[in-house]
Amino acid sequence: MKRISVLMVVGLFLLQIACQTLAGPRPTQPSPATPAPASPPTATSPAAARPTARPTATNVPKTAPSGEVSVACVGSFGYGVTCVQNNEWVNYTKSTMALSGDLIKDISVCPGGELLILNTTSLNLFDGAVWRDYGKGWGHSSPEAVACAADNNFWVAHYQGVSHFDGATWRTYTVKESLSLNPDAYDLVEDIAIAPDGAVWVVLVNGVAVFAEDKWTVYEKGIGFGDTYFAVALRKPELAHVHAAEQRPRQL
């Protein structure tokens, strides 16, 4: 009996070996592949942008035509007037004996092309070559704006009124007497302009006054205006029309 059992165990062992031989080698579990370390990205410099060439001015004359003076000026409060004359920068100040003061308030272009320059102490006229001083005929009031008419005819807006120079003498029109019908009107005068028909337009704090044919016409609350407006300047597109601009975003 023992012999039969031994033979059975040997037979089963041989049978298992035969089965493994016929089936081939047992598959083995593949080990997971180890990923290769990623190399850090290489920083690349951005392509340099090519500078864009700025357009240059063309047809700029080196000198003004014969008999003409090419002038453009900018005034500053403290540094006089700087002009571009024949493509060159020139600074005019009190120290150069050109201006009577360096605190520039306004510049107006006269019909003949001259520049009328208002400073806190005087009025200067520049024709591109010669400077002239017309003094301070409006008195001690603080000046605000200037306008130039034909034949050296000047108007200056200043505190308490406006003053007119006719080429020989000065005359002042005050706010209380001429520019407003309101006895409590403010004395501040903001701006002045001359229309093509020769009418002089003056902006006050709460109104507008127009001088034409030797008389003043006043526009304020109750006289042309339906309310009290706080005007600050005149809009002068080619002086074809004159409008008063107020502090609120509305035009009168």
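Nothing here was measured: the structure is a model prediction, and the numbers come from that model.

Draft legend 1. The arrangement of unusual backbone geometry in detail. Within the chain, M97 stands out as a residue other than glycine whose phi angle is a positive 65°. Turning to its location among the elements, M97 is positioned in the loop between β3 (88-92) and β4 (104-109). For M97, a relative accessible area of 73% corresponds to the exposed category. The phi dihedral of Q160 falls on the positive side, at around 80°, and the residue is not glycine. Tracing the sequence through the fold places Q160 in the loop between β9 (153-158) and β10 (161-165). For Q160, a relative accessible area of 36% puts it in the partly exposed group.

Draft legend 2. The arrangement of the state of the cysteines in detail. Taken as a whole and judged by the stated rule, the model has two disulfides. The disulfide partner of C110 is C148, and the S-S distance across this bridge is 1.9 Å. Here the disulfide of C110 and C148 is right-handed, its torsion about the S-S bond being about 100°. With C110 in the loop between β4 and β5 (115-119) and C148 in strand β8 (residues 143-149), the pair connects residues that are 38 residues apart, well separated along the chain. Accessibility assignment for this pair places C110 and C148 in one class, buried. Described in terms of the sequence order of its bonded cysteines, the disulfide pattern of the protein is 1-2, 3-4.

Criteria and thresholds
Residues numbered from 1 in each chain as written. Predicted model: local features only at pLDDT ≥ 70, side-chain atom pairs only at ≥ 80, totals over all residues. Heavy atoms only, no water. Helix = DSSP H or I, 4+ residues; strand = E, 2+ residues; numbered from the N terminus. Buried < 20%, exposed > 50% of the residue type's maximum accessible area, 1.4 Å probe, protein only. Disulfide = S-S within 2.5 Å.

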